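# Observations on the model geometry
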Amino acid sequence: MQPSNRGTFKSRFGFYMAAIGSAFGLGNLWRFSYVTGINGGGAFVLLYIFFVGAIGLPVLISELMLGKITRRNIIGAFKWKPWGQNPKSRWRWLGVLALLASFVVLGYYTVVSGWVIHFIVQAVMGQFTNPDAMPEYIIDRLMSRGYLQILLAGVHIIFTASIVSRGIQEGIERFSRVFMPLFMLIVVGLVVHSLFLPGASEALRFLFYPDFSKLSASAAIEALGHALFTLSLGFGAMVAYGSYLKPEVHIPSEAVLVAGLDTILSLCAGVLIFPIVFTMHADSGSGPALLFKSMPVLFRHLPLGYWVGVAFFVCLYFAALSASIALFEGLVTYFIDEQKMKRTAATLTVSTITCILAAGSALSGSLFKNIRLGERGILEIMDQVIINWTLPVVTVGLVLFVSRMREKDKEDQFVDQKSLVSVRMFSTWKTTIKYLVPSIIILVFIFQLIVNIFRS
Ligand code: PFF
């Protein structure tokens, strides 16, 4: 009943680094800073933290558990029954939606990862420290050059595919074990530096003082979507990682560590970026280019700025790479399990589809620049629709599915016999995923629909 040829994570640390690597990516640095900027700061951050605790954590446990019990990809998991497979399962379409979301997000995630490669090259060429260069405009120039972006995205796809094609232990685990700890170290170092910038106190106030009058109308749905996105939920990636877990791994403790560390890293990213934004009197609501406009300016005034600039973008690239690997892996396991492909063929298929989608969003600042919805271009529209609407729908379906799974299977995964607390937490978690998670998400949807109706 279960595919026996699945790899597993060799060590707990390896899984942990891979899961953190999947969660911690461009979402924490690039996306968190720009959506926080657009949505007015502190109050948005508070909403985001609320959604991570109330929805993100219980859903992360559910996704890992679904993968670990069924040992399947997201589509196979939704066909699962304790006594076999139900190919006609009514839940299948949720898996299809999750795969679609993965493809679309991977398409533009690849483009933004390509931007990071461009910034590594610029850093190495000394563009951040050259007094005559204007590093804050590098991103504008890049965004108007569609074909260069396609080329860079292509390079990123080749890197990602070459790691994924080697499989779970050889590629992902070895890679994550080395780079994740290094990146955390560099981020913490830069945060300390940012705290001494002149704009630091204004930035901390912006980030942590909740001024609810500054919340935008779509803040709730954006915060919910971002909480899911940053923990890689609603894509099936965590289901795939759960399916590689060894039987003895205790899911809730892993999930608490992953969610906790990811949130701390997001907040660190905010404390790193906003002091620079306020010090240079830039517009905190300037959208997807925010990180790329602010960071290079920091390096010009920094002792050893050249090297710190190179190190920062190299590490950012590794964060982007490890998250792309997770998205890729979720899709590749689908083609291996359900379409019976070999790993290499599956990797090639995913790469080709991703290339086509990436080209669409890469050209959004040039060839397709007139395709807009209000202020937003193609890249932003795709980002908004998938993250704010599709992920929550998949999430509601997933928790309801997990709620209906056999009690005994869930209990085996959740309850640690040695700890009484885990018995109590088990029933809290069950109630949360059955009632609280769906109700909050539906309320946020209704609220957003009402706001949209009144705005138009
Ligand atoms: N969580 C990643 C980030 O914050 O950048 C994005 C992501 C990675 C989403 C992997 C989904 C996924 F499967």
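Our subject in this report is the structure included herewith. (Residues numbered from 1 in each chain as written. Predicted model: local features only at pLDDT ≥ 70, side-chain atom pairs only at ≥ 80, totals over all residues. Heavy atoms only, no water.)

## Re the overall build of the protein
The helix and strand tally for the protein stands at 18 helices and two strands. Burial status across the protein gives 60% buried among its 456 residues. Sequence separation of 24 or more characterises 83% of the internal contacts of the protein that already satisfy a separation of 6 or more. (Helix = DSSP H or I, 4+ residues; strand = E, 2+ residues; numbered from the N terminus. Buried < 20%, exposed > 50% of the residue type's maximum accessible area, 1.4 Å probe, protein only. Contact = heavy atoms within 4.5 Å.)

## Some words on the site of the ligand
Around the ligand sit 15 residues in total, of which Ala 23, Gly 27, Tyr 109, Phe 229 and Ala 237 are the nearest. Within the backbone of Gly 27, an N or O atom sits 2.7 Å from an oxygen atom of the ligand. Within the side chain of Tyr 109, a nitrogen or oxygen atom sits 2.5 Å from an oxygen atom of the ligand. Look at the ligand: alone it shows 340 Å² of surface, and the protein chains cover 100% of it. Counting only elements with at least two residues in the shell around the ligand, the list comes to helix H1 (12-23), helix H2 (26-38), helix H10 (219-230) and helix H14 (305-337). Classifying every residue of the shell around the ligand gives nine nonpolar, six polar and no charged. (Near = heavy atom within 4 Å. Polar contact = N/O pair within 3.5 Å; in protein donor to acceptor, adjacent residues only side chain to side chain. Areas by Shrake-Rupley, 256 points an atom, 1.4 Å probe, with all protein chains shown as cover. Nonpolar A, V, L, I, M, F, W, Y, C, P; charged D, E, K, R; others polar.)

## Examining empty space enclosed by the protein
All chains considered together, the criterion is met by one cavity of 30 Å³ or more. Approximately 120 Å³ is the volume attributed to the largest cavity. Lining the largest cavity are 14 residues, with Ser 22, Phe 229, Ser 232, Ala 323 and Leu 327 positioned closest to its centre. For the lining of the largest cavity, the per-class residue count stands at nine nonpolar, five polar and no charged. (1 Å grid on protein atoms, 1.4 Å probe; cavity = no way out; pocket = protein on both sides within 12 Å on 5 of 7 lines; lining within 4 Å. Points joined across faces, edges and corners; volume = space filled by probe spheres on them.)

## A look at the packing of aromatic side chains
Within this structure, the stated rule accounts for 28 aromatic pairs. When the centroid spacing of 5.3 Å and the interplanar angle of 50 degrees are considered together, the rings of Phe 32 and Tyr 48 count as tilted. Taken together, the residues span a long stretch of sequence, with Phe 32 in helix H2 and Tyr 48 in helix H3 (residues 42-70) at a distance of 16 residues. With respect to class, Phe 32 is no different from Tyr 48; both count as buried. With a centroid separation of 6.4 Å and an interplanar angle of 55 degrees, the aromatic rings of Tyr 317 and Phe 318 are classed as tilted. Taken together, the ring pairs connect Trp 115, Phe 119, Phe 128, Phe 292, Phe 299, Phe 312 and Phe 313 into an aromatic cluster. Geometry around Phe 229 places Arg 31 over its ring, the cationic atom sitting 5.4 Å from the centre. Above the plane of the ring of Tyr 209 lies Arg 205, whose end atom (NZ or CZ) is 4.6 Å from the centre. (Phe/Tyr/Trp six-rings, centres within 6.5 Å; stacked < 30°, edge-to-face > 60°. Lys NZ or Arg CZ within 6 Å of the ring centre and 35° of its normal.)

## Things to note about the pattern of salt bridges
Applying the stated criterion to the full structure yields six salt bridges. Measuring nitrogen to oxygen at the nearest pair gives 2.8 Å for the salt bridge that ties Asp 140 to Lys 293. With a gap of 153 residues between them, Asp 140 in helix H6 (residues 138-143) and Lys 293 in helix H13 (residues 290-300) connect regions that are remote in the sequence. The exposure class of Asp 140 is partly exposed, given its relative accessible area of 33%. Using a relative accessible area of 21% as the deciding quantity, one classes Lys 293 as partly exposed. As a salt-bridge pair, Arg 406 and Asp 409 come within 3.2 Å of each other at their nearest N and O atoms. With relative accessibility at 13%, the residue Asp 409 sits in the buried group. (Salt bridge = Lys/Arg side-chain N within 4 Å of Asp/Glu carboxyl O.)

## Topic: a nonpolar patch on the surface
There is a patch of nonpolar side chains on the surface, built from Val 188, Val 192, Leu 195, Phe 196, Leu 204 and Phe 208 and spanning about 570 Å² of accessible area. Tracing the sequence through the fold places Phe 196 in the loop between helix H8 (168-194) and helix H9 (200-208). The class for Phe 196 is exposed, based on a relative accessible area of 70%. (Patch = residues over 30% accessible without salt bridge, like charges linked within 9 Å, V, L, I, M, F, W, Y side chains within 5 Å.)

## A word on the environment of Glu 411
The topology assignment puts Glu 411 in helix H17 (residues 407-414). Glu 411 sits in the partly exposed class, given a relative accessible area of 33%.

## Remarks on the nonpolar core
Core analysis: the biggest nonpolar cluster contains 151 residues, and Leu 29, Ile 55, Phe 292, Met 295, Phe 312 and Phe 313 have the highest contact counts within it. With residues near it in sequence (within four places) discarded, Phe 313 still touches Val 116, Phe 119, Ile 120, Phe 128, Phe 292, Met 295 and Phe 299. (Core = buried A, V, L, I, M, F, W, Y, C linked by side-chain atoms within 4.5 Å.)

## What about helix H7 (residues 146-164)?
With 19 residues, H7 ought to run about 27 Å at 1.5 Å a step, and its terminal C-alpha atoms sit 27 Å apart, in line with that. When H7 is considered as a whole, its buried residues turn out to be Gly 146, Gln 149, Leu 152, Ala 153, Gly 154, His 156, Ile 157, Thr 160, Ala 161, Ile 163 and Val 164. (Expected span 1.5 Å × (residues − 1).)

## Examining the packing of H2 against H10
Running from N to C, H2 and H10 point in directions that differ by 175 degrees, and their axes come no closer than 11 Å. One element, H2, and the other, H10, form an angle in the roughly antiparallel class. Taken together, the residues of H10 that come into contact with H2 (itself represented by Gly 27, Asn 28, Arg 31, Phe 32 and Val 35) are Glu 222, His 226, Phe 229 and Thr 230. Partitioning the contact of H2 with H10 into residue classes produces three nonpolar, four polar and two charged. (Axes fitted to C-alpha atoms, helices over the stretch in contact; angles between N-to-C directions. Parallel < 35°, antiparallel > 145°, perpendicular 65-115°, else oblique.)

## Structural notes on unusual backbone geometry
In this structure, Ser 232 is a non-glycine residue whose phi angle is positive, near 60 degrees. The residue Ser 232 is located in the loop between H10 and helix H11 (237-243) in this model. Given the relative accessible area of 7%, Ser 232 is considered buried. The backbone of Lys 340 shows a phi angle near 55 degrees, a positive value even though the residue is not glycine.

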